[in-house]
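Overview (structure and organization)
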Amino acid sequence: QVQLVESGGGLVQAGDSLRLSCAASGRTFSSYTMAWFRQAPGKEREFVAAIAESSSSTYYADSVKGRFTISRDNAKNTVYLQINSLKPEDTAVYYCAARLVFSGRYSDGKNYDHWGQGTQVTVSS
């Protein structure tokens, strides 16, 4: 089992940057595929980015490519999401997700079985 706790969200202005963190419990963090999803008010949850356990492979939604960077520090049991050039449409609750022995599409939330409680990101124009 792994427990996930997100942090780093807040109220920012358009054009600012944020780094979200997701701290995981457990001793097998390095074996988990990790991902970030987000859910804006009134919208369905959407995939943002994923990173394989080896950190050699990363995956992004087309809508965030070039502005978002996912990374992980296995020594700190933490995955990060660097967000640059924030836009009002990035406003959402950002969730961290994890799966051991991953299979299927990285963008499908159903393939993850551990979720954090989320951190709110609000971008003002």
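1. Description of the overall build of the protein chain
Helix and strand content of the protein chain: zero helices and 11 strands. Helices and strands appear in the protein chain in the N-to-C order β-β-β-β-β-β-β-β-β-β-β. Once the C-alpha set of the protein chain is aligned to its principal axes, its extents read approximately 40 × 25 × 25 Å. With 125 residues in all, the protein chain has 45% of them scored as buried. Considering only residue pairs separated by 6 or more positions, the protein chain has 58% of its internal contacts joining residues 24 or more positions apart. Carbon and sulfur atoms form 44% of the exposed surface of the protein chain, whose accessible area is close to 6,400 Å². Here the protein chain contributes 13 positively and 11 negatively charged side chains, and the mean placements of these two sets differ by 3 Å.

2. Quick word on the side chain of asparagine 77
Residue placement: asparagine 77 occurs in the loop between strand S7 (68-73) and strand S8 (78-83). By relative accessible area, which is 18% here, asparagine 77 ends up buried. When sequence neighbours within four positions are dropped, the list of residues in contact with asparagine 77 reads Cys22, Ala23, Ala24, Ser25, Gly26 and Phe29.

Analysis parameters
- Residues numbered from 1 in each chain as written.
- Predicted model: local features only at pLDDT ≥ 70, side-chain atom pairs only at ≥ 80, totals over all residues.
- Heavy atoms only, no water.
- Helix = DSSP H or I, 4+ residues; strand = E, 2+ residues; numbered from the N terminus.
- Buried < 20%, exposed > 50% of the residue type's maximum accessible area, 1.4 Å probe, protein only.
- Contact = heavy atoms within 4.5 Å.
- Areas by Shrake-Rupley, 256 points an atom, 1.4 Å probe, with all protein chains shown as cover.
- Lys, Arg positive; Asp, Glu negative; His and termini not counted.
- Charge placed at Lys NZ, Arg CZ, Asp CG, Glu CD.

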